[in-house]
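Spelled out, the chains give:
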Amino acid sequence: MTSLKNDLFLRALLKQPVERTPIWMMRQAGRYLPEYRATRARAGSFLDLCKTPELACEVTLQPLDRFELDAAILFSDILTVPDAMGLGLYFAEGEGPKFARPLRDEAAIRQLAVPDPEDELGYVMDAVRTIRRALDGRVPLIGFAGSPFTLACYMIEGGGSDDFRHTKAMLYSRPELLHHILSVTADAVTAYLNAQIRAGAEAVQIFDTWGGALTRSAYLEFSLPYMRRIVAGLIREQDGRRVPSILFTKGGGQWLEAMADCGADALGLDWSTDIGEARRRVGDRVALQGNLDPCVLFAQPAAIEAEVAKILTAFGAGSGHVFNLGHGISQHVDPAHAAVLVDAVHRLSSR
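Note that the structure is predicted; figures quoted are calculated from it, not measured.

> How should I be thinking about helix α16 (residues 335-350) in this particular structure?
Within an α-helix, residues lying three or four positions from one another point in the same direction, as the helix has 3.6 residues per turn. For α16, built from 16 residues, the straight-helix expectation of 22 Å at 1.5 Å per residue is met to within 8% by its first-to-last C-alpha distance of 23 Å. Of all the residues in α16, the buried ones are P335, H337, A338, L341, V342, A344, V345, H346, L348 and S349. Residues of α16 that are buried make contact with α2 (34-43), α4 (53-66) and α15 (301-315). Taking the backbone nitrogen of A336 as reference, a side-chain oxygen 2.9 Å away marks D334 as the first, capping residue of α16.

> Teacher, can you tell me more about the packing of aromatic side chains here?
The description of an aromatic ring pair rests on the distance of the ring centres and on the angle between the ring planes. Throughout the structure, instances matching the rule amount to seven aromatic pairs. Plain terms: the ring middles of F144 and F207 are 5.6 Å apart, the flat faces sit at 85° to each other, and that makes the pair edge-to-face. Of this pair, F144 sits in strand β4 (residues 141-146) while F207 sits in strand β5 (residues 203-208), and the two are 63 residues apart along the sequence. Centroid distance F207 to F248: 6.3 Å. Interplanar angle 80°. Geometry classified as edge-to-face. Taken together, the residues F207 in strand β5 and F248 in strand β8 (residues 245-249) connect sequence positions 41 residues apart. An identical accessibility class is assigned to F207 and F248; each is buried. A network of ring pairs unites the aromatic residues Y36, F46, F75 and F91 as a single cluster. One residue, R279, lies across the ring of F315, its end atom 4.0 Å from the ring centre.

> Can you walk me through the environment of R20 in this structure?
You can see R20 is positioned in the loop between α1 (8-13) and α2. Expressed as a C-alpha distance, the spacing of R20 and K250, which sit 230 residues apart in the sequence, is 26 Å. When neighbours within four sequence positions are excluded, R20 is seen to be in contact with N6, L8, D70, H346, S349 and S350. A distance of 3.3 Å separates a polar atom in the side chain of R20 from a polar atom in the side chain of H346.

> Would you take a moment to explain the nonpolar core for this structure?
Nonpolar side chains in soluble globular proteins tend to end up buried together. Counting 131 residues, the largest nonpolar core has F9 and L341 as its most contacted members. In terms of residue count, the dominant contributor to this core is helix α10 (residues 175-199) (13 residues).

> Sorry, what's going on with the sheet that holds β4 here?
Sheets are built from strands paired through backbone hydrogen bonds, the pairs being either parallel or antiparallel. Read from one edge of the open sheet, seven strands run β1-β4-β5-β8-β9-β10-β11, paired in parallel fashion. One side of each edge strand has no neighbouring strand; the edge strands of this open sheet are β1 (72-73) and β11 (321-322). The pairing of strand β9 (residues 266-268) with strand β10 (residues 287-289) spans three bridges and is parallel. By the bridge assignment for β10, G268 is matched with Q289. Packed onto the sheet, α10 meets β4 and β5 and runs at close to 170° relative to β4.

> Sorry if this is basic, but what is going on with the pairing of β4 here?
In the case of a regular strand, side chains alternate between the two sheet surfaces. Counting buried positions along β4 gives six out of six residues, so the element sits mostly inside the fold. Every second residue of β4 is oriented toward a common face, with L141, G143 and A145 on one face and I142, F144 and G146 on the other, all of them buried. Pairing between β1 and β4: two bridges, direction parallel. By the bridge assignment, A72 is partnered in β4 with L141. As paired strands, β4 and β5 are joined by five bridges and run parallel to one another.

> Would you mind showing me how to read the pattern of salt bridges here?
When their charged atoms lie close together, side chains carrying opposite charge are able to pair. By the definition in use, this model includes 24 salt bridges. In this structure, D70 engages R20 in a salt bridge whose closest nitrogen and oxygen atoms are separated by 2.8 Å. Separated by 50 residues along the polypeptide, D70 in the loop between α4 and β1 and R20 in the loop between α1 and α2 bring together distant segments of the chain. You'll find D70 and R20 in the same group, each marked buried. Between R174 and E106 there is a salt bridge, with its nearest N and O atoms 3.3 Å apart. Note that R174 is positioned in the loop between α9 (165-173) and α10 and E106 in helix α6 (residues 106-110), a separation of 68 residues in sequence. Exposure remark for R174: the relative accessible area of 31% places this residue in the partly exposed category. Residue E106 is classed as partly exposed on the basis of its relative accessible area of 33%. Overlapping salt bridges, with partners in common, bring together E106, R110, R174 and E176 in one network.

Cut-offs used in this document
Residue positions are given per chain, counted from 1 along the sequence in the order it is written. Where totals are concerned, whole chains, interfaces and linings use all residues; where local detail is concerned, this predicted model gives features only for residues with pLDDT of at least 70, and gives and counts side-chain atom pairs only at 80 or more. Values reported for side chains reflect all heavy atoms of the structure, with hydrogen atoms and water molecules removed beforehand. Secondary structure elements follow DSSP: runs of H or I of four or more residues count as helices, runs of E of two or more count as strands, with numbering from the N terminus. Expected helix span is given by 1.5 Å per residue-to-residue step, counting one fewer step than there are residues. When a residue's accessible area, from a 1.4 Å probe over protein chains only, is under 20% of the maximum for its type it is buried; when over 50% it is exposed; and in between it is partly exposed. By definition, residues are in contact when any of their heavy atoms lie within 4.5 Å. Pairs of N or O atoms are called polar contacts if they sit within 3.5 Å, as long as, within protein, a hydrogen donor faces a hydrogen acceptor (for residues adjacent in sequence, only side-chain-to-side-chain pairs). Working definition: a ring pair exists when centres of Phe, Tyr or Trp rings (six-membered ring for Trp) sit within 6.5 Å. Plane angles under 30 degrees give stacked, over 60 give edge-to-face, the rest tilted. As a reminder, the over-ring test applies to NZ of lysine and CZ of arginine, requiring each to be within 6 Å of the ring centre and within 35 degrees of the ring normal. Here, the term nonpolar core denotes a set of buried Ala, Val, Leu, Ile, Met, Phe, Trp, Tyr and Cys residues that are joined through side-chain atoms within 4.5 Å. Strands are labelled as partners when DSSP assigns at least two bridges between them. Fitting a line to C-alpha atoms yields each axis, with helices limited to the stretch in contact; the angle taken between N-to-C directions then spans 0 to 180 degrees. Just to be clear on terms, a salt bridge is a Lys or Arg side-chain nitrogen sitting within 4 Å of an Asp or Glu carboxyl oxygen.

Spelled out as structure tokens, the structure:
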């Protein structure tokens, strides 16, 4: 087991004392970095970048070489799982991810099967192992997956959507079919995350990007129970260390109490929820991660620092806070402004 030189992130997730608030950024390896754009151009395509472990490692480390971040996150995509299920993932120029074979037919839905993460998704595990070796204990590595409901949205719609009409039509008219998709996908995500943990991921995050598009009753039936099932099936200790789990539902601030009971160690917050209020609502049941509005990074440095101070003050004293954005960093952000953010969190939280 490699000795960690910086374990602030893991300690904060487990609500243990820390000298300052740790920080990482969702989508921290991405198009806002010129070095990322150069590597992606060399790869030829986004999918080729994801599927080449050495290049995935290279872009994973790029933000750590620029900023004093407290965690690395595996460079991959949440849609690798449905791609391994045979839905034919591709990326249309200017349109985002698409599936050649969306799940609209009952026979195809019934044939859905859990892929072997060391076989169909072996390139991801190779990337995890490569990144862990390259990190050499510098900071922890985060593995991740999409939530079953979020993945189902892409799998049924065939790509992104403004209204999820096909998914919601199935939810209301054929709920048993949606439950079948979610059940198989939950098993696939559990196996996928556990394979990442065995390969070297030291914490894992479940991205429930579209859970907030549901009504409360639908969220409590079609999203949260499947994430609870995944968390219950996760490896909790590897190489003598606890492996914390983070649950992030974008737009899920109204359901924090239910989310806090799902078994995860931490909840991610988007910017629409006050972190101090969230802390009062969940008590000491979970750590909290978040939650700067990503658009703050378009403001001047003094404004960025002021917003960082607001979040740190709102959370208050004590352990259990990982600073992050409320969603992914924009491709249009000036990297110098990201550096201001990281520096402000270090300086202000150390006080």
